Amino acid sequence: MARYFIMKPIISDNFIRISAPKELQKGCMNSEFQYLDHKPMEIIVSLDYGTDFPDYIIGDGYAPFISDKLRRLFEKEGICNLFYKKTSLIMEDFDIEELYWFALPPRINCLDPEYIDPDMGIATEIHILDENVGNYQIFKLAGVGNHDVIVTSYLKNMIQEEIEARKMKGIRFKPL
């Protein structure tokens, strides 16, 4: 059984989509928290898509946002390594405002160097060194140019229970 999973949003015509504010881009690309602040922000939701608010959204393919419900689950599970920024998602035409959190995990150097091609500098396979992960339940990979959010099987199972109980929606997992 897989020990790590990529947490992905479900893309559906029913779910809202958002654009990430440009000020998040520099901090998101390499999880450089020093370029981010904790000031609350507001994002206007595009009406070009659905009106249902999922529990996990990736703005512009790189900026992770989670519902308040998902943040409370993370807190309950003792996950304290994320950079949080309170975010209001606003649908002006419907006078709807939902509380979300920009939730950026750190990038950690946990790829097995044996699987990194020295000529191209890319991973030929994703093999994670458990000893480098430590107690993190959620993180991004350092040294690779992607924006995938990785979760442990433990956290995936916690979230999956909520999805199956119909308490959360819009999240899927891809095994590594």
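Residues numbered from 1 in each chain as written. Predicted model: local features only at pLDDT ≥ 70, side-chain atom pairs only at ≥ 80, totals over all residues. Heavy atoms only, no water.

Observations concerning the environment of Asn14
Alright, step 1. Looking at the secondary structure, you find Asn14 in the loop between strand E1 (4–9) and helix H1 (25–29).
Alright, step 2. Note: C-alpha distance between Asn14 and Asp52 (38 residues apart in sequence) is 5.7 Å.
Alright, step 3. Setting aside residues no more than four positions away along its own chain, Asn14 makes contact with Gly50, Thr51 and Asp52. (Helix = DSSP H or I, 4+ residues; strand = E, 2+ residues; numbered from the N terminus. Contact = heavy atoms within 4.5 Å.)

Looking at the nonpolar core
Alright, step 1. Within the largest apolar cluster, 23 residues are counted, with the highest numbers of intra-cluster contacts made by Met7, Phe74, Ile138 and Ile159.
Alright, step 2. For this core, the secondary-structure elements that each account for two or more residues are E1, helix H2 (68–76), strand E6 (96–104), strand E11 (149–152), helix H4 (153–164) and strand E12 (171–175).
Alright, step 3. Take this core: its biggest share by element is 4 residues, from H4.
Alright, step 4. Leave out the neighbours within four places in its chain, and Ile138 touches Met7, Phe74, Ile79, Asn81, Leu82, Pro105, Pro106, Val149, Ile150, Val151 and Leu155.
Alright, step 5. Core analysis: the second largest hydrophobic core is formed by 20 residues, Ile18, Leu24, Phe53 and Tyr62 among them. (Core = buried A, V, L, I, M, F, W, Y, C linked by side-chain atoms within 4.5 Å. Buried < 20%, exposed > 50% of the residue type's maximum accessible area, 1.4 Å probe, protein only.)

Description of the pairing of strand E4 (residues 63–67)
Across a regular strand the side chains alternate sides, sitting on one face of the sheet and then on the other.
Alright, step 1. Along E4, 5 of the 5 residues are buried, which leaves the element largely enclosed by surrounding structure.
Alright, step 2. Relative to E4, strand E3 (residues 56–59) runs antiparallel, the two being bridged by 4 bridges. Bridged to Gly59 within E4 is Ala63.
Alright, step 3. Count of turn residues in the E3/E4 antiparallel hairpin: 3 residues, of which Asp60 carries a positive phi of about 55°.
Alright, step 4. Direction of pairing for E4 relative to E6: antiparallel, over a ladder of 3 bridges. Directly across from Ile66, in E6, lies its bridge partner Trp101. (Pairing = 2+ DSSP bridges.)

Considerations on the layout of surface pockets
Alright, step 1. Space inside the largest pocket adds up to approximately 320 Å³.
Alright, step 2. Looking at the largest pocket, it is lined by 22 residues, and the ones nearest its centre are Pro9, Ile11, Ile57, Ile58 and Gly61.
Alright, step 3. Secondary structure elements with two or more residues in the lining of the largest pocket: E1 and E3.
Alright, step 4. Among the residues forming the lining of the largest pocket, the class breakdown is 13 nonpolar, 4 polar and 5 charged. (1 Å grid on protein atoms, 1.4 Å probe; cavity = no way out; pocket = protein on both sides within 12 Å on 5 of 7 lines; lining within 4 Å. Points joined across faces, edges and corners; volume = space filled by probe spheres on them. Nonpolar A, V, L, I, M, F, W, Y, C, P; charged D, E, K, R; others polar.)

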